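Each chain is listed here by its residues.
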Amino acid sequence: MPQDTAAGALTAVTDATFAATVLAADRPVVVDFWADWCPPCVGTSRHLAELAEEFGDRLRVVTVDTDANPATARAYGVMSLPTMLVFVGGTVVGSIVGARPKNHLRLAFARHLDG
């Protein structure tokens, strides 16, 4: 959920910008699929903003509003929110469905970083 937090703002991606921002990225990308009506998405968004700051240039974190961008959510079979997909080289290499503690997310994302 793109919102300002203490750690900064997450980058919103749309159906139109998904390929250029996520699939063509030169580093791992976490895509957070969310919606305004999803209460667990709020806490997840805060965790993701903090983790984006923590990981810095090693990992990019973006968000997709599934109500406004249904084609991307449909293309990746997103059925529950929040869903986070990890992309490396344009391929999904990991997924997390549902809200999780920040440490769980940190460990899950770190697995996909070089070195």
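Residues numbered from 1 in each chain as written. Predicted model: local features only at pLDDT ≥ 70, side-chain atom pairs only at ≥ 80, totals over all residues. Heavy atoms only, no water.

1. With respect to the sheet that holds strand S4 (residues 29–34)
On the basis of which strands lie adjacent, the open sheet formed by 5 strands has the order S3-S5-S4-S6-S7 and mixed pairing. The open sheet has two edge strands, strand S3 (11–12) and strand S7 (91–97), and neither has a second partner. Examined bridge by bridge, S4 and strand S6 (residues 83–88) share 5 bridges and lie antiparallel to one another. Bridge assignment links valine 30 to a residue of S6, and that residue is valine 86. Its contacts with the sheet put helix H2 (residues 39–55) on S4, strand S5 (60–65) and S6, and the angle it makes with S4 is roughly 160°. (Pairing = 2+ DSSP bridges. Helix = DSSP H or I, 4+ residues; strand = E, 2+ residues; numbered from the N terminus. Contact = heavy atoms within 4.5 Å. Axes fitted to C-alpha atoms, helices over the stretch in contact; angles between N-to-C directions.)

2. Points about the pattern of salt bridges
A side chain of one charge can pair with a side chain of the opposite charge when the charged atoms of the two come close. In this structure the tally under the stated criterion is 4 salt bridges. Close ionic contact of aspartate 26 with arginine 27 constitutes a salt bridge, the shortest N to O distance being 3.8 Å. Here lysine 102 makes a salt bridge to glutamate 50, at a shortest N to O gap of 2.8 Å. Residue lysine 102 is found in helix H4 (residues 102–110), and its partner glutamate 50 is found in helix H2; the two are separated by 52 residues along the sequence. By relative accessible area, lysine 102 is classed as partly exposed at 25%. With relative accessibility at 31%, the residue glutamate 50 sits in the partly exposed group. Residues participating in the shared-partner salt-bridge network are Asp26, Arg27 and Asp57. (Salt bridge = Lys/Arg side-chain N within 4 Å of Asp/Glu carboxyl O. Buried < 20%, exposed > 50% of the residue type's maximum accessible area, 1.4 Å probe, protein only.)

3. Some points on the environment of threonine 83
Position of threonine 83 relative to the elements: it lies in strand S6. The spatial distance from the C-alpha of threonine 83 to the C-alpha of threonine 11 is 16 Å, given a sequence separation of 72 residues. Once residues lying within four places of it in the same chain are set aside, the contact partners of threonine 83 are Val31, Asp32, Phe33, Val78, Ile96 and Val97. At a separation of 2.4 Å, a polar atom in the side chain of threonine 83 contacts the main-chain carbonyl oxygen of serine 80. (Polar contact = N/O pair within 3.5 Å; in protein donor to acceptor, adjacent residues only side chain to side chain.)

4. A short note on the UniProt feature "site: Deprotonates C-terminal active site Cys" (unreviewed entry) in the protein
Using the residue numbers shown here, the UniProt feature "site: Deprotonates C-terminal active site Cys" (unreviewed entry) corresponds to Asp32. As for its placement among the helices and strands, aspartate 32 is situated in strand S4. (UniProt positions renumbered as here; feature names shortened; annotations may be inferred.)

5. So, the UniProt feature "active site" (unreviewed entry) in the protein
Per the UniProt annotation, the sites labelled "active site" (unreviewed entry) are Cys38 and Cys41. Positionally, cysteine 38 belongs in the loop between S4 and H2. Given a relative accessible area of 3%, cysteine 38 falls into the buried group. For cysteine 38, the contacting residues outside a window of four places in its chain are Leu81 and Pro82. Structurally, cysteine 41 is set in helix H2. With a relative accessible area of 1%, cysteine 41 lands in the buried category.

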